[in-house]
Amino acid sequence: LSRITYYPSIQLKGDSYLVWEKGVAYEEPGYVSELNGEDVTSQVTVSGAVDVNKSGIYTLTYTTVKNSDGFDASASRTVVVLDSSSAIEGFYMNQATSNRNGTAYGKNFQVLVIDNCDGTISVDDLLGGWYCQRAGYGTKYAMSGVLGVAEDGTLTLIDSYVPGWGDGLDSFEGQFDAATSTINFVCVYAGSLTFTETWVKQ
């Protein structure tokens, strides 16, 4: 005995990764869902929200109605809220031509810096793409971190963490130059790996 099962589908309109200006009302690009040729878009459930008054990374999840066998489908969209007028906040390119004790590093690995508006910034990869992008290990091997920012631009390490290995930096010394929107720092990881990085805001 066999029968046909029709699975619901969902497609996002617009990009699945959006950069949104802080303070501007969020406008949902939309989505379309079908089940056995029928438009069931009105039955899609959206979870998550975008706070346009606070810089950050927000995830919206879109879940379809379940079919007769209890199966549904889902899609997600990432919305990054940034203040384009901020001197320090935004996307940077790591311009280091060598890193990790002089080993060839490459250029133009993108990192994201978010101003927490409390004298600190959040960074999505303090290793500047070494494992996450260059080696292709994925986001679990990006070292997220929080840095303190002094009035003279001195950066201090508050927290750092690599989910894939469960550890963080051993030491960190850095400086932010507001005139050139550049971040320079040297950090030590895993006891002996020294990373020298130069990030230029895009």
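Once a new chain begins, its residue numbering starts again from 1 and follows that chain's sequence as written. Totals for whole chains, interfaces and linings use every residue, but because this is a predicted model, local features are given only for residues with pLDDT of at least 70 and side-chain atom pairs only at 80 or more, for both listing and counting. Hydrogens and water are ignored here; the side-chain numbers use all heavy atoms of the structure.

Caption draft 1: Expanded view of the packing of aromatic side chains. Within 6.5 Å between ring centres, the rings of Phe, Tyr and Trp (the latter by its six-membered ring) count as paired, and their orientation is classed by plane angle as stacked under 30 degrees, edge-to-face over 60, tilted in between. Applying the stated rule across the entire model yields 13 aromatic pairs. For the ring pair Tyr92 and Trp199, a centre distance of 6.4 Å and an interplane angle of 50 degrees mean the geometry is tilted. Placement of Tyr92 in strand β8 (residues 90-94) and of Trp199 in strand β17 (residues 193-201) is noted, with a sequence separation of 107 residues between them. Here Tyr92 and Trp199 have matching classes, each one buried. Geometrically, the ring pair formed by Tyr141 and Trp165 is edge-to-face, given 4.5 Å between the ring centres and 65 degrees between the ring planes. Of this pair, Tyr141 sits in the loop between α1 (130-134) and β13 (144-149) while Trp165 sits in the loop between β14 (154-161) and β15 (169-177), and the two are 24 residues apart along the sequence. A 1.4 Å probe rolled over the protein chains alone gives each residue an accessible area, and that area as a share of the maximum for its type sets the label: buried under 20%, exposed over 50%, partly exposed in between. Accessibility expressed as a relative area gives 40% for Trp165, which makes it partly exposed. A run of H or I in DSSP counts as a helix once it spans at least four residues, and a run of E counts as a strand once it spans at least two, with each numbered from the N terminus.

Caption draft 2: Focus on the pairing of strand β16 (residues 182-189). Of all eight residues that make up β16, six are buried, and the element is covered over most of its length. Paired strands, as defined in this entry, are two strands with at least two bridges between them according to DSSP. Direction of pairing for β15 relative to β16: antiparallel, over a ladder of eight bridges. Its bridge partner being in β16, Phe176 is matched across the sheet by Ile183. Taking the residues that link successive antiparallel strands as the turn, the β15-β16 hairpin has four residues, and the phi of Ser181 there is positive, at about 50 degrees. Two elements, β16 and β17, share eight bridges in a ladder whose sense is antiparallel. Directly across from Val188, in β17, lies its bridge partner Thr194. What sits between β16 and β17 in their antiparallel hairpin is a turn of three residues, with Ala190 showing a positive phi close to 55 degrees.

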